[in-house]
Amino acid sequence: MIRTKNVGKHYGEKAALADISIEIPKHTLTTFIGANGAGKSTLLSIVSRLMKGEGEVLLEDKPLSAYKNRELAKKLSILRQTNHISVRLTVRELIGFGRYPHSRSRLNKQDEQIIQAAIHRMALEPLANSFIDQLSGGELQRALIAMVIAQDTEYILFDEPLNNLDMKHAVEIMRLFRKLVDEEGKTIVLVLHDLNFASGYSDHIVSLKNGRFLRQGTAQEIITPDSLREVYDMDIDIREIDGTRFCVYFK
Amino acid sequence: MKKAIPVILLLALCIGSLFIGITDIRIEDLFMLEQEKIRVMIISRIPRLLSILLSGMGMSVAGVIMQMIGSNRFLSPTTGSTTEWARLGVLTAILATPSATVFQKMVIAFLFAFGGTLLFLYLMQIARLKDAEQVPLVGILFGNVVGAVTTYIAYQNDLIQNITSWMQGSFAMVLRGRYELLYIGLPLLALAMFYADRFTVVAMGKDISGNLGVRYFSTVQIGVVIIALITSIIIVTVGSIPFVGIVIPNIVRMIYGDNLRKNLIPVALLGGCFVLLCDVLSRLVIYPFEVPIGITVGVVGCGIFLILLFKGGPREAR
């Protein structure tokens, strides 16, 4: 379980995030939603230890700061959304670096298997030996996700993982996340802009606005016209199809 | 078989290098144990060959590490102001104690090069330039400012001549007893190998380093220590050799990519080979005189680079 206690982030006087105390239950897929500037990415970055903030983050009742770098890298991984990688590695090499916290430079048989499995899961076999500077945005995004999957941590954080992906790959990746949670007991935290993906795949949704916490709950509780009006200041029509709520906000 | 070609090439160049020079030495002379010629070999030719190999390896390894920790493939000690800082350090050492030993000069040069390069990398982090191409340009400008300060101080103290010798590298003055400092480069190469994966991770940026549990800033600092040490050692022994640090890593990069553990040794070997080739050319073009190595390296390197650039090799997909 991840718990945040009064987490905040100030830039000078301005609060990008203030007083966030939430719980992210284990073995669930949790999604942060909110408008631009709501503080979703900031919160995710602080929870992932990549950004320092006020307050405290507890990972399994132990403060993040009490973990050693390498120990934490075996337990929690994060993929942020801006990845300007100018490094010329092959897809396989990149994914191999996901094993770095576990095996350093000496990859053993088990590591190789995990790398191969990650390549397979992201359907990257045809690209495995291509250099990443030759990939399209979506292909690179899939390779980076595969790297994080090869890292094989209990907690996995993704900031807008569906960026640059077409519908087919977006759906495949959301299904994979679901599978990782249901079958392998991972805990996944996402920042998503697409409310329908959030509604259809999350166990738990946290809504934020202007750096403040609004609500948390199941999709049924959060995907309602009232709750979403609070978040986005707009009226969103909600339809239920086969038990999943869909938001209609195009018209 | 294919792997043997570079080794054979390197050996051929080494042997060629040993037998080129004013004193005419033939292989049979060595077997005839001609005292005089063997002495020339030991005092001048062999030291020259070793210093060329070591500095060629050093410059290209320093270049590739700089490119990794700066996440920019146009960086090198020359385009990242390291050499200029090292020269300012040498000047400071001479001013402080005119009788400074080579080792003392090297230490001061190292301190300046280390501080200056870190400062430059730090400024680049804050500035967040949009185009990768701007980074080396700013680096060259920054280096020139430092160079101007060096020249000014040297001018005020009548040391211009002294300083020029550190501007243009030359192997002509290498004799036994004057180049051995370059051997420090070998343990540094081993250290670079040990940190190779961490440098590659750092090249992927702060976020990915953080995610993989690699400490970004301390790794960058270790990289800068290696770069600054190599650069200052080369500056005080043979002078600065431009261009190698950029050309060689980029050639290797086109073939092997950026995985430092895989390409560090090729970078080092090709660097040694390249400078050796240029030195042999320098000595042959206007025999019995020599062209400064910097000029040959510039011309040959530029040529190779342009060919590679236009003839292809896998290019960036945009």
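As a reminder, the structure under discussion sits directly above these lines.
Attention in this report is confined to the structure presented alongside it. Note that the structure is a prediction, hence the values are computed from the model and not measured. (Residues numbered from 1 in each chain as written. Chains lettered and ligands numbered in written order. Predicted model: local features only at pLDDT ≥ 70, side-chain atom pairs only at ≥ 80, totals over all residues. Heavy atoms only, no water.)

Side note on helix H6 (residues 134–156) of chain B
Residues spaced three or four apart along an α-helix point in a common direction, a consequence of the helix completing one turn every 3.6 residues. All names here are of chain B. Here H6 spans 33 Å end to end across 23 residues, near enough to the 33 Å set by a 1.5 Å rise per residue. Taken as a whole, H6 has its buried residues at Val135, Pro136, Gly139, Phe142, Gly143, Val146, Gly147, Thr150 and Ala154. Just beyond H6, the residue with positive phi is Asp158, at close to 60 degrees. (Helix = DSSP H or I, 4+ residues; strand = E, 2+ residues; numbered from the N terminus. Expected span 1.5 Å × (residues − 1). Buried < 20%, exposed > 50% of the residue type's maximum accessible area, 1.4 Å probe, protein only.)

Here we look at the packing of aromatic side chains
A complete count under the given rule lists nine aromatic pairs over all chains for this structure. An angle of 85 degrees between the planes, with centres 5.4 Å apart, marks the rings of Phe194 of chain B and Tyr195 of chain B as edge-to-face. Residue Tyr195 of chain B is classed as buried on the basis of its relative accessible area of 15%. Among the aromatic residues, those joined into a ring-pair cluster are Trp85, Phe120 and Phe142 of chain B. Arg88 of chain A extends its terminal NZ or CZ atom over the ring of Phe131 of chain A, reaching a point 4.0 Å from the ring centre. (Phe/Tyr/Trp six-rings, centres within 6.5 Å; stacked < 30°, edge-to-face > 60°. Lys NZ or Arg CZ within 6 Å of the ring centre and 35° of its normal.)

Quick notes on the sheet that holds strand S10 (residues 204–209) of chain A
Note: strands within a sheet are paired through backbone hydrogen bonds, in either parallel or antiparallel orientation. Residue and element names in this part refer to chain A. Pairing in this open sheet of six strands is mixed, and the strands run S7-S8-S9-S4-S10-S11 from one edge to the other. If you trace the sheet from one side to the other, it starts and ends with strand S7 (76–79) and strand S11 (212–217), each paired once. Geometrically, the sheet is characterised by an average inter-axis angle of 15 degrees between neighbouring strands, direction not taken into account. Looking at chain direction, strand S4 (residues 29–33) and S10 are connected through four bridges and run parallel. Looking at S10, one finds that Thr30 is bridged to His204. Docked against the sheet, helix H6 (residues 137–151) engages S7 and strand S8 (155–159), running at close to 175 degrees with respect to S7. (Pairing = 2+ DSSP bridges. Axes fitted to C-alpha atoms, helices over the stretch in contact; angles between N-to-C directions. Contact = heavy atoms within 4.5 Å.)

Some thoughts on the side chain of Lys40 of chain A
All names here are of chain A. Note that Lys40 resides in helix H1 (residues 40–47). Among the polar contacts made by the side chain of Lys40, one reaches the main-chain carbonyl oxygen of Gly34 at a distance of 3.0 Å. One polar contact links the side chain of Lys40 to the main-chain carbonyl oxygen of Ala35, over a distance of 3.2 Å. Leave out the neighbours within four places in its chain, and Lys40 touches Phe32, Ile33, Gly34, Ala35, Val191, His193 and Leu208. (Polar contact = N/O pair within 3.5 Å; in protein donor to acceptor, adjacent residues only side chain to side chain.)

Notes on the interface of chain B and chain A
Listed by partner, the interface residues are 28 residues for chain B and 31 residues for chain A. Both faces considered, chain B and chain A share a buried interface measuring about 2,400 Å² in area, 52% of it formed by carbon and sulfur atoms. Linking chain B with chain A are two salt bridges, by the criterion used here. With a closest N to O distance of 2.7 Å, Lys262 of chain B and Glu93 of chain A form a salt bridge. Mapped by element, the contributors of at least two residues to the side of chain B that touches chain A are helix H9 (196–203), helix H10 (206–211), helix H12 (244–256) and helix H13 (260–285) of chain B. (Buried area = accessible area lost by both parts, 1.4 Å probe. Salt bridge = Lys/Arg side-chain N within 4 Å of Asp/Glu carboxyl O.)

Some thoughts on unusual backbone geometry
Backbone geometry at Asp152 of chain A places phi at a positive 55 degrees, although glycine is not the residue there. Here Asp152 of chain A is to be found in the loop between H6 and S8. On the basis of relative accessible area, Asp152 of chain A is assigned to the partly exposed category, the value being 34%. Its identity as a non-glycine residue notwithstanding, Phe243 of chain B has a phi of 80 degrees, on the positive side. Residue classification places Phe243 of chain B among the partly exposed positions, given a relative accessible area of 29%.

As for the pattern of salt bridges
Any two side chains of opposite charge can pair if their charged atoms end up close together. All told, the structure shown has 27 salt bridges over all chains when counted by the stated rule. Close ionic contact of Glu60 of chain A with Lys26 of chain A constitutes a salt bridge, the shortest N to O distance being 2.8 Å. Of this pair, Glu60 of chain A sits in the loop between strand S5 (54–59) and strand S6 (62–63) while Lys26 of chain A sits in the loop between strand S3 (23–24) and S4, placing them 34 residues apart in sequence. Assessed through its relative accessible area of 27%, Glu60 of chain A is described here as partly exposed. Measuring nitrogen to oxygen at the nearest pair gives 3.0 Å for the salt bridge that ties Arg87 of chain B to Glu84 of chain B. Note that Arg87 of chain B and Glu84 of chain B are positioned in helix H4 (residues 82–96) at a spacing of three residues, about one turn of the helix. With respect to class, Arg87 of chain B is no different from Glu84 of chain B; both count as buried. Here the salt bridges do not stand alone but share partners, grouping Lys26, Glu60, Lys75 and Glu154 of chain A into one network.

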